[in-house]
Amino acid sequence: MTNAIWFRSDLRIYDNPALIAASESNDPVIAFYFFTPDQHRKHHTGSVKLRFMLENLVELKHDLAKLNIPLVALLASDYGSSVALLKKLCQQHNVRQVFANSEIELNEQIRDHQATRELDKIGSTICFSQDQTILSPQDILTGASKPYRVFTPFKRAWIKTIQKTGLQSLPLPTARPKTNAVSTSAEEILSWEAPVDANQYWKPGSQEAFRRLEEFTATAIERYRDERDHPSLTATSQLSPYLAVGAISVRSCMLQALLANNFEWDSGSQGILTWINELIWREFYKHLSCHYPELSKGAAFNQKTALIPWSRDMEHFTRWKEGLTGFPLVDAGMRQLNTIGWMHNRLRMVTAMFLTKQLFIDWHLGEAYFMQKLIDGDYAANNGGWQWSASTGADSAPYFRVFNPTRQAERFDAKGDFIRHWVPELSQLGPKQIFDPNPFERQTTGYPATMVDHRESVEHVKQAFKMAQAMEAI
DNA sequence: AGCGGGTTACA
DNA sequence: GTAACCCGC
């Protein structure tokens, strides 16, 4: 008898619940993977992340080989055909039990139900483990057994629960008995998606992820609270791409941070506690997408905001995408995203709020564009972040809280270093001019005029939200 | 994880 | 003048 592990967004052998479950008996194990680019593109995932997934898959293949687990990877179009291929492979390799880590998103859940039904027809079973979050969405509910909709009480409950259950990572499985199955070649895997320029900035693999985690928790994490909002510093972990493809587990990250803080949840290093807080935000958003599947279909979390008449000005949208808004920090952030497939979190908030509150463009457009460009594109975190900025979300920014991009630059890029790097046409401007060049400086550097007036935009957005609230009351 | 306008309390 | 605080949006 042979067991199979079906890899999806958990491309690692370390701390992998499904892999451990598949390795409990002494049976050999085969790994399956189905690359479904058409499906991912429907979810707006772009080339940078798709290529990164494949590069990580190749790393995984090498790691699996050390455990005598061959990786059979196939190209499929969508989830439906991946289920058909799974069934076929199970018959071909005489697999009775498939193990996989469950995923929270709606189409992924539907796929997994289909897989369960289809495998049942051939007498095979599929067994799911919990992996995407440290605690299951069912474990963190209010006294009335409802999901938390506000972060702070969620966090309180989350920490109380983890203190009860404890936190452990899983061991590596021992090497499996050998099988005859043949691994798919790295060349074939990499032929499914060509690299784009942004991929050169991100080395794939679990080893690289752990290296980054160890380096971060040994040094920068102590300064994380004070420096994380300054995009010119390397003050964040930059682990999100690895979490998004599952090259590292969030459990490993949390454990490493806790270890550095002597297993304290509420005292010790402020830097570490702030980073842990961000990991719990990640749990919060993933739990919400699980509890509210309509979010996956584009619903606003706050129903009242569904009536807001967002702008569809495509010319404005294009200027935002290309980093030509005339607001230096906004443009710097967008150009960073377009170039390296990643944007500093402070700038994700600044650029998202600029699109939604100053250009008044539908947050769904920004959400899709981020997914298209981000190497760390994660549905729950991205949707949560966009709805936070647009003030349509759970525990989001109040609608009247609108970042002033010029002030944000003065506060978080005080020397203008980040702007100078990403908006090189402004690099020669002085320390004051860099934040808001005058018309002459804009003309001579070829930098565009500001496309909107901050104060007017803020007035407009406030009126629109008030109107939507009034409509709701009727 | 706001902004901007106002008031107060000082130099 | 201006820093510190307060408040409504």
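Preceding this paragraph is the structure being described.
The structure reproduced in this document is the subject of the present report. A quick note: this is a predicted structure, and the numbers were derived from the prediction, not measured. (Residues numbered from 1 in each chain as written. Chains lettered and ligands numbered in written order. Predicted model: local features only at pLDDT ≥ 70, side-chain atom pairs only at ≥ 80, totals over all residues. Heavy atoms only, no water.)

Next up on the list: the packing of aromatic side chains. Evaluation of the coordinates by the stated rule reveals 29 aromatic pairs. Each ring, one from F317 and one from W320, has its centre 5.8 Å from the other, and the planes form 15 degrees; the classification is stacked. Taken together, the positions of F317 and W320, both in helix α13 (residues 314–322) and three residues apart, correspond to about one turn of that helix. Summarising the burial analysis for this pair, F317 and W320 share the class buried. A connected cluster of aromatic rings, assembled from ring pairs, spans Y148, F151, F154, W281, F284 and Y285. Over the face of the ring belonging to W6 we find R8, whose NZ or CZ atom lies 4.4 Å from the ring centre. Looking at R111, its charged tip hangs above the ring of Y79, at a distance of 4.6 Å from the centre. (Phe/Tyr/Trp six-rings, centres within 6.5 Å; stacked < 30°, edge-to-face > 60°. Helix = DSSP H or I, 4+ residues; strand = E, 2+ residues; numbered from the N terminus. Buried < 20%, exposed > 50% of the residue type's maximum accessible area, 1.4 Å probe, protein only. Lys NZ or Arg CZ within 6 Å of the ring centre and 35° of its normal.)

Taken together, F400, K462 and K466 make up the full set of residues adjacent to DNA strand C. At the protein interface, 12% of the atoms of DNA strand C within 4 Å belong to sugar or phosphate. Here K466 contributes a side-chain N or O atom positioned 3.3 Å from a sugar or linking oxygen of DNA strand C. (Near = heavy atom within 4 Å. Polar contact = N/O pair within 3.5 Å; in protein donor to acceptor, adjacent residues only side chain to side chain.)

Attention now goes to the protein's contact with DNA strand B. Taken together, 16 residues lie near DNA strand B, and D229, W281, R346, R401 and R455 sit nearest. For DNA strand B, the backbone makes up 66% of the atoms found within 4 Å of the protein, where backbone means sugar plus phosphate. Here a base nitrogen of DNA strand B and a backbone polar atom of F400 are 3.2 Å apart. In the model, a phosphate oxygen of DNA strand B is placed 3.2 Å from a nitrogen or oxygen of the N404 main chain. By residue class, the composition of the surface near DNA strand B is six nonpolar, three polar and seven charged. (Nonpolar A, V, L, I, M, F, W, Y, C, P; charged D, E, K, R; others polar.)

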